[in-house]
Amino acid sequence: MVKETRGAQPLSRSLKVYQRIAVAFVFMTFFLLLAVLYLSISRATITVVANPRVVSVDTEVRAVTNPTNDGELSGIVLQKSYTTEEVVTLPSDGATAVEEKAGGKVTLINETGTSQPLVATTRLLTKEGVLFRIDASTVVPAKGQVEVVTHADKPGLGGEIGPAQFTIPGLPESLQASIYAVSVESMKGGVAYKRVVTQKDIDDGVSSVSNALFEEAKADLSQSVDRNVFTGESYTMNIASQGASVATGAEVGSFTATVTIDVTAVYYDANAVKQYALSQLYARVPDGYAAENISTDAVQITVESADVKNSVATLGVYLEGKALISADSQVLNKDRFVGRAPNEVLTLLRASEAVKDASVSFTPFWLERVPTLKDHIKIIITSAE
């Protein structure tokens, strides 16, 4: 008996069709994965070099006692008059040394309950026996004091003493312990370098005395204000009267300058003024721009006017800063860039005055167009400066 052997049976037509479909599916899946991978890693970075735009605010605010309206802030306006007499020593250049009577200021003190008149040349005596005389008549008020100018009785360096206490020998001995004088500064001018006085000497001396008195006035006025609140200040000085004890052409080593000044002081909350200026500046930033690092330290504040009677001052406020194109600007809308070539993106950006320059980079580097997915587009804004 012969046994019949059969070979492999060929695939049926339907099975071949399924096999082809499976292969096609594998290829489609592979290409789909490649597409997904491509889309997931494709990135575009657009770097924009912004062209800064200057923004500024130049406005006024009112410093008032009780602010109630917009543009009003807390402030105080004060005014006071000050008078002084000061001995001005002339420069020694080209002068001749001559002995003079040293002098300076003393404070006459009266601890009694009765005022005490003193005539010019009233004697003041130190415990060392150095004698001085007051220059002008005065009255020392009861339980009070008064400042006067005095000079040594004799010329020379012997009168150049330091701070001291003086008795008044012309008074009854019973009053000398209660009515006396003290000095807090050294007496000067025992040797004078005499020279011919010019108008410039007088002007310079009076100016020096005025400026010193102005500084004293500022310190005095500020004591009546809470400087923790009113951190801003401005002072103006008006010279009401001025004079000198000598005329041009006189030959002296020193002279007495008499000055009266009116000082007006304006105090305000500087921080509030700065914040107001900053808010006004931000309100002036154009659409599509954002202010860049504007500091309130750059605020310039000037006093335009001061009404002492109504305690109102007008402050001029100026602040300047830079603004750059903002991320939400229509110029940087990502919809404008999707699917575009780099040169097209650059043309769109450089057409805006807000952009100084721009560049485009891709990941991976061989990409030739901006991805169509907006979240795959990154925009970086830098300053041109």
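Right above here is the structure, for reference.
Quick caveat, the model's predicted, so the values are computed rather than measured. (Residues numbered from 1 in each chain as written. Predicted model: local features only at pLDDT ≥ 70, side-chain atom pairs only at ≥ 80, totals over all residues. Heavy atoms only, no water.)

What follows concerns the overall build of the protein chain. In terms of helices and strands, the protein chain carries 4 helices and 21 strands. A globule of 385 residues ought to have a C-alpha radius of gyration of about 21 Å, yet the protein chain, at 44 Å, is considerably larger. Taken over the C-alpha atoms alone, the protein chain extends approximately 175 × 50 × 50 Å along its principal axes. Here the protein chain holds 385 residues, and the buried ones make up 34% of them. If you sum the accessible surface of the protein chain, you get close to 22800 Å²; carbon and sulfur atoms cover 52% of it. (Helix = DSSP H or I, 4+ residues; strand = E, 2+ residues; numbered from the N terminus. Rg over C-alpha atoms; globule rule 2.2 N^0.38 Å. Buried < 20%, exposed > 50% of the residue type's maximum accessible area, 1.4 Å probe, protein only. Areas by Shrake-Rupley, 256 points an atom, 1.4 Å probe, with all protein chains shown as cover.)

Here the focus is unusual backbone geometry. Residue Thr-363 is joined to Pro-364 through a cis peptide bond whose omega torsion reads -5°. Counting through the fold element by element, Pro-364 comes out in the loop between strand 20 (355–363) and strand 21 (377–383). At Thr-121, a position not held by glycine, the phi torsion is positive, near 75°. With respect to the helices, strands and loops of the structure, Thr-121 is situated in the loop between strand 6 (116–118) and strand 7 (123–126). The class of Thr-121 is partly exposed, set by a relative accessible area of 45%. Unusually for a residue other than glycine, Lys-143 sits at a positive phi of about 55°. Examined against the element boundaries, Lys-143 turns out to sit in the loop between strand 9 (138–140) and strand 10 (144–152).

A separate point is the nonpolar core. Among the nonpolar cores identified, the biggest contains 42 residues, and Leu-319, Ile-325 and Leu-349 are the most heavily contacted of them. Listed by contribution, the elements that provide at least two residues to this core are strand 1 (43–50), strand 2 (53–64), strand 3 (72–89), strand 16 (254–268), helix 3 (270–283), strand 19 (312–325), helix 4 (342–350) and strand 20. Not counting the four nearest positions on each side in its chain, Leu-319 is found in contact with Val-55, Ser-56, Val-57, Ala-277, Leu-278, Leu-281, Ile-294, Ser-295, Ala-298 and Val-299. In this structure, Phe-214, Val-225, Ala-257 and Val-259 belong to the second largest nonpolar core, which totals 23 residues. (Core = buried A, V, L, I, M, F, W, Y, C linked by side-chain atoms within 4.5 Å. Contact = heavy atoms within 4.5 Å.)

Next up on the list: the pairing of strand 2. With 11 bridges joining them, strand 2 and strand 19 adopt antiparallel strand pairing. Each residue of the ladder has a partner; that of Thr-59, found in strand 19, is Val-317. Summarising the sheet, strand 2 and strand 3 pair through 3 bridges and their orientation is parallel. If you follow Val-64 over to strand 3, its bridge partner there is Ser-74. (Pairing = 2+ DSSP bridges.)

The subject of this paragraph is the pattern of salt bridges. Oppositely charged side chains may form a pair once their charged atoms are brought near each other. Summed over all chains, the structure comprises 14 salt bridges. Two residues, Asp-201 and Arg-195, come together in a salt bridge whose shortest N-O distance is 3.3 Å. Its salt-bridge partner being Asp-204, residue Lys-200 comes within 2.7 Å of it at the nearest N-O pair. Separated by 4 residues within a single helix, Lys-200 and Asp-204 lie in helix 2 (residues 199–222), roughly one turn from each other. Look at Lys-200 and you get exposed, because its relative accessible area is 55%. We classify Asp-204 as partly exposed; its relative accessible area is 40%. Put simply, Glu-86, Lys-105 and Glu-147 are held in one network by salt bridges that share partners. (Salt bridge = Lys/Arg side-chain N within 4 Å of Asp/Glu carboxyl O.)

A separate point is the packing of aromatic side chains. Taken as a whole and judged by the stated rule, the model has 3 aromatic pairs. Ring geometry for Phe-132 against Phe-166: centres 5.7 Å apart, planes inclined by 80°, an arrangement best described as edge-to-face. Placement of Phe-132 in strand 8 (residues 131–134) and of Phe-166 in strand 11 (residues 165–167) is noted, with a sequence separation of 34 residues between them. Relative accessible area serves as the criterion here: at 0%, Phe-166 is assigned to the buried category. Look at Tyr-235 and Tyr-267: their rings are 5.7 Å apart centre to centre, the planes differ by 85°, and that puts the pair in the edge-to-face class. Linking Tyr-235 in strand 14 (residues 232–244) with Tyr-267 in strand 16, this pair joins segments that are 32 residues apart in sequence. A relative accessible area of 16% means that Tyr-235 is categorised as buried. Lying across the ring of Phe-214, Lys-218 places its NZ or CZ 4.8 Å from the centre. (Phe/Tyr/Trp six-rings, centres within 6.5 Å; stacked < 30°, edge-to-face > 60°. Lys NZ or Arg CZ within 6 Å of the ring centre and 35° of its normal.)

Looking at the element boundaries, Thr-107 is found in strand 5 (residues 103–110). Setting aside residues no more than four positions away along its own chain, Thr-107 makes contact with Gln-145, Val-146, Glu-147, Tyr-180, Ala-181 and Val-182.

On to the sheet that holds strand 13 (residues 191–196). The strand order 4-13-15 describes an open sheet built from 3 strands, whose pairing is antiparallel. Strands with a single pairing partner mark the edges of an open sheet, and in this sheet they are strand 4 (96–99) and strand 15 (251–252). As defined by bridge partners, strand 4 adjoins strand 13 across 4 bridges and the pair is classed as antiparallel. Residue pairing in the sheet places Thr-96 in a bridge with Lys-194 of strand 13.

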